[in-house]
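Listed here are the chains, written in short residue letters.
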Amino acid sequence: MAGVGFRRWAQALSRGKGSGLSALLPGYRAASGGSKADLPSSYPLTPEAKAAAAKKYNMRVDDYKPYPDQGEGYGDYPKLPDTSQQERDPWYQWDHPDLRRNWGEPMHWNFDIFTRNRVDTSPTVVSWSTMCKQLFGFIGFMLFMFYLGEKYPAYQPVAPKQYPYNNLYLEKGGDPEKQPEEVVNYKI
Amino acid sequence: MWFPASVLTSTLIIIFFLLGYPVVTTLVSGPVKPGWAKTHVKPAVKTAFFVSLIPLFLFVNEGVEVVIASWNWMNTMTFDVGISLKFDHYSLIFTPVALYVSWAIMEFAMWYMQDDPHMDQFFKYLLIFLIAMIVLVTANNLFQLFIGWEGVGIMSFLLIGWWSSRADANTAALQAVVYNRVGDIGLIFALAWMVTNLNSWEMQQVFVTVEGFNVTPPALGLVLAAAGKSAQFGLHPWLPSAMEGPTPVSALLHSSTMVVAGIFLLIRMSPLLEKSPTALTVCLCLGALTALFTACCALTHNDLKKVIAFSTSSQLGLMMVTIGLNQPQLAFLHICMHAFFKAMLFLCSGSIIHSLGGEQDIRKMGAIQRQTPWTSSCFTIGSLALTGMPFLAGFFSKDAIIEAMTTSHLNAWALILTLIATAFTAVYSLRLIYFVVMVNPRSMAISPIGEGDPQLINPLKRLAWGSILAGLCITLNVLPFKTPVMSMPPVLKLIAVIVTVLGFLTALWLIAPLGARTQTTLSPNMHRFTSMLGFYPALVHRATPKLSLVWGQTAADQMIDQNWLEQVGPKATVTLNKPLITTTSNIQQGITKTHLTLFLLALILVVSMIIF
């Protein structure tokens, strides 16, 4: 490796155009990463710019739609639909199976929100409003019942009840001629 | 007999050494020897269990109340944090129970995980978890408890996400961490309250110096912490999701040890909790709601491990109810009983799942009692113990809890919910036994069914003995701290059994031949509500992350990027300087009229200054 670099440097020096230090850089570095043309640029104003941007992001011109130009800095980055990776086909042979994404596919601006570990936008069995009504209705009902339960608690009595009029002697069919026994279950 | 308190400390240090030594051996460079788990880990845990019996027997024999060993650790001018170990009834009983269950699970895991290429790492994680759990239960100050608390949380994350190539496992691990962290907010708040008001984290000092303070805020903080760790309603979805982890993890962490850490915290802090009726009421109501809600979810799910997970959550709700009744010792008794039969249920489920080639749906099981007699029998014993079958382990704790409930002055709705949850426990237990063990086989014709391996059978046998005898052993040797109600009407005495029998009868009626009923489900709406877990995960797991992540992105974009880095920084320079520059350069255009005007203004200014 060092020998190859040194030889290349010597050749660049002999051409007499500068120090030739750039020749020391190994060739594989030049192939890594994208070129400047692959970076996002400013908002596309003309149809040709839109077509070029669509090509840059590997999209069809009909599918390509940039973010509105409101000074937020999106440039020509495509506005992709807010769908999570969970909605994609689990059985397809994706290049990245855990991300359910193919190489070169345009990434959503908020891709990190829509990975499979995070926000899931796949359709639910029931509509959002029905789910909210049922869950919060259940919680509300429980809270109300707990409130009633606090107001009317359950407990075991420690003594028989003390009724007036000598423990309701006459109402219970006692003999009015007789003097009833005094019944005192408890005193306060 | 003279009882040296240092014996307790020494045995605990020996236990830490026994458990820590295999972990330390993995720190050397190079892989561990093959069979390291069998030669180092299982014997370590087994020996630690037998060593932990020594302090227990000494403690019970001598009738000691508590032994505390303290060392100085960190000292500031006004605040000290020490290492202090508390050997009381709770820590000395829980440690052997946890080690006994861990011994069985480690042996089972050697069979269950034998094909895993990183089996040794798995056992290392289990050992680290066990050390953290023992640190938690023996802690006498809240800081030390918090160390164990976080330790078990981290190990839970690593173990749930064991099969990290599964996105669902990663999501479940993340859920466990996030929900536990929400609960940790409560614990940290309680710690902060104590350090600012009581100047100590030592439990004895907290209980004494808290007189005269309004203890409701820290008590509610502790309840929030317990709700997170013990999967109470509102912070419960992580527990069924945690079934993504391997079955030994579910058996050890998510049924016997880690999930009871929240309840254990409340038991430890019960002297503080009992001074706050609000906190006790919250515990009661939250526990009752959890018990019923998760029992309902267990009725309609078909994944074997998930049903057992919901059952765990329901029993944790029951423990929370017991805390709400101000009966911490009963809650602790239920923790110990629950550890045995729930771990056994999970091991049986692991055996069944392995035998059926990875099948977890109970609708695709059935009639395995002849092929796997040990598993089927232990599964039945565990389920019966769970329902509170008289004189099995669960009976001693559950019956006492229900009796305490019915003879207390409490929220009537909480009582009703708990009784219904008890009935539902019987329903889903019988449902599990029916679908998994009985009736006709609905699994694949050729499955690797078999239970010849002693590493599978011996743990089940040990846990079965525990599920049968542990209740009797513990209740015969430990006196109750609070006098139980001795006399009650016969109906109240038998209410637990009556409710359980009603549950069994309901289950039998529901599984009757379909000709007796025209519908497969009594109420499709309720079935959908419970099978979707009340839509709670669907709503919360979508709305909360999306809102927080979108707001975070907006804050980063607009507040930081556009505001601070543009408007306030560079653009503010332009905004402020441009008018000044414009004014200054407009004045200095070289126009004579402007110069004369300025000269006149300056003259007027000077004259007025001279005059005035």
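No experiment lies behind these values; they were computed from the predicted model shown. (Residues numbered from 1 in each chain as written. Chains lettered and ligands numbered in written order. Predicted model: local features only at pLDDT ≥ 70, side-chain atom pairs only at ≥ 80, totals over all residues. Heavy atoms only, no water.)

### Concerning the overall build of chain A
Next up, step 1: Along its length, chain A carries five helices and zero strands.
Next up, step 2: N-terminal to C-terminal, the α/β element order of chain A is α-α-α-α-α.
Next up, step 3: Within chain A, buried positions represent 23% of all 188 residues.
Next up, step 4: Residue pairs at least 24 apart in sequence account for 36% of intrachain contacts in chain A once pairs closer than 6 positions are excluded.
Next up, step 5: Looking at chain A as shown, the accessible area adds up to about 14,100 Å², and 58% of this sits on carbon and sulfur atoms. (Helix = DSSP H or I, 4+ residues; strand = E, 2+ residues; numbered from the N terminus. Buried < 20%, exposed > 50% of the residue type's maximum accessible area, 1.4 Å probe, protein only. Contact = heavy atoms within 4.5 Å. Areas by Shrake-Rupley, 256 points an atom, 1.4 Å probe, with all protein chains shown as cover.)

### As for the environment of Met59 of chain A
All names here are of chain A.
Next up, step 1: For Met59, the position within the fold is in the loop between α3 (47–56) and α4 (128–151).
Next up, step 2: You can call Met59 buried: its relative accessible area is 16%.
Next up, step 3: Between the C-alpha atom of Met59 and that of Gln134, which follows or precedes it by 75 residues, the distance is 42 Å.
Next up, step 4: Excluding residues that lie within four positions of it along the chain, Met59 makes contacts with Ala54, Tyr64, Pro78, Leu80 and Pro106.

### Quick look at the interface of chain B and chain A
Next up, step 1: If you look at the interface, chain B gives 43 residues, while chain A gives 33 residues.
Next up, step 2: Across the chain B to chain A interface the summed buried area is about 3,400 Å²; carbon plus sulfur atoms make up 68%.
Next up, step 3: Per-residue buried area on chain B facing chain A is highest for Trp413, Leu539 and Arg542 of chain B; these three make up 22% of the total on that side.
Next up, step 4: The interface formed by chain B and chain A includes seven residue pairs in polar contact (both at pLDDT 80 or more).
Next up, step 5: Of all the secondary structure elements, the ones that give two or more residues to the side of chain B that touches chain A are α6 (167–197), α13 (277–300), α18 (412–436), α21 (524–531) and α22 (536–567) of chain B.
Next up, step 6: The leading source of residues in the side of chain B that touches chain A is α22 of chain B, at 13 residues.
Next up, step 7: Broken down by class, the residue content of the side of chain B that touches chain A amounts to 26 nonpolar, 12 polar and five charged. (Buried area = accessible area lost by both parts, 1.4 Å probe. Polar contact = N/O pair within 3.5 Å; in protein donor to acceptor, adjacent residues only side chain to side chain. Nonpolar A, V, L, I, M, F, W, Y, C, P; charged D, E, K, R; others polar.)

### Quick notes on the confidence of the model for chain B
Atom-level detail of predicted coordinates should not be read off regions where pLDDT is low.
Next up, step 1: Overall, the predicted model of chain B reaches an average pLDDT of 92, with 98% of residues at or above 70.
Next up, step 2: Both scores are available for the predicted complex, with the pTM at 0.87 and the ipTM at 0.88. (pLDDT = per-residue confidence, 0-100.)

### Points about the UniProt feature "transmembrane region" (unreviewed entry) in chain A
Next up, step 1: According to UniProt, the positions carrying the feature "transmembrane region" (unreviewed entry) are residues 125–148 of chain A.
Next up, step 2: In residues 125–148 of chain A, the share of helix is 88% and the share of strand is 0%. The end C-alpha atoms are 34 Å apart. (UniProt positions renumbered as here; feature names shortened; annotations may be inferred.)

### Focus on α6 of chain B
Next up, step 1: Look at α6 of chain B: 45 Å from first C-alpha to last across 31 residues, which is about the 45 Å you get at 1.5 Å a residue.
Next up, step 2: Just past α6 of chain B, the residue Asn199 of chain B takes up positive phi, approximately 60°. (Expected span 1.5 Å × (residues − 1).)

### Structural notes on the nonpolar core
Next up, step 1: Counting 205 residues, the largest nonpolar core has Phe123, Met269, Phe379 and Val436 of chain B as the members making the most contacts within it.
Next up, step 2: Broken down by element, this core gets its largest block of residues, 18 residues, from helix α3 (residues 89–112) of chain B.
Next up, step 3: Look past the residues within four positions of Phe123 of chain B in its chain and what remains in contact with it is Trp36, Ala37, Val41, Met106, Ala109 and Met110 of chain B.
Next up, step 4: Counting nine residues, the second largest nonpolar core, distinct from the first, contains Ala54, Tyr57, Met59 and Tyr67 of chain A. (Core = buried A, V, L, I, M, F, W, Y, C linked by side-chain atoms within 4.5 Å.)

### Considering the packing of aromatic side chains
Next up, step 1: Evaluation of the coordinates by the stated rule reveals 38 aromatic pairs over all chains.
Next up, step 2: Plain terms: the ring middles of Tyr57 of chain A and Tyr77 of chain A are 5.4 Å apart, the flat faces sit at 65° to each other, and that makes the pair edge-to-face. Within this pair, whereas Tyr57 of chain A is found in the loop between α3 and α4, its partner Tyr77 of chain A is found in the loop between α3 and α4, the two being separated by 20 residues in sequence. The pair formed by Tyr57 of chain A and Tyr77 of chain A is uniform in burial state, with each residue classed as buried.
Next up, step 3: Taking 5.0 Å as the distance between ring centres and 65° as the angle between the ring planes, the aromatic pair formed by Tyr90 of chain B and Phe332 of chain B counts as edge-to-face. Linking Tyr90 of chain B in helix α3 with Phe332 of chain B in helix α15 (residues 328–355), this pair joins segments that are 242 residues apart in sequence. Each member of the pair Tyr90 of chain B and Phe332 of chain B is classed as buried. (Phe/Tyr/Trp six-rings, centres within 6.5 Å; stacked < 30°, edge-to-face > 60°.)

### Things to note about the domain arrangement of chain B
Residues and elements named next belong to chain B.
Next up, step 1: Under the domain assignment, chain B is made up of domain 1 (1–512), domain 2 (525–568) and domain 3 (580–611).
Next up, step 2: Each of domain 1 and domain 2 has a C-alpha centre, and these two points are 33 Å apart.
Next up, step 3: Counting residues at the interface gives 13 residues for domain 1 and 10 residues for domain 2.
Next up, step 4: Contact between domain 1 and domain 2 buries roughly 840 Å² in total, counting both sides, with carbon and sulfur atoms accounting for 70%.
Next up, step 5: In this structure, the connection of domain 1 to domain 2 is made through zero salt bridges. (Domains from an automatic or database assignment. Salt bridge = Lys/Arg side-chain N within 4 Å of Asp/Glu carboxyl O.)

### Description of the UniProt feature "domain: NADH-Ubiquinone oxidoreductase (complex I) chain 5 N-terminal" (unreviewed entry) in chain B
Next up, step 1: Here the UniProt-annotated "domain: NADH-Ubiquinone oxidoreductase (complex I) chain 5 N-terminal" (unreviewed entry) positions come out as residues 73–123 of chain B.
Next up, step 2: Here residues 73–123 of chain B is 57% helix and 24% strand, with 31 Å between the C-alpha atoms at its ends.

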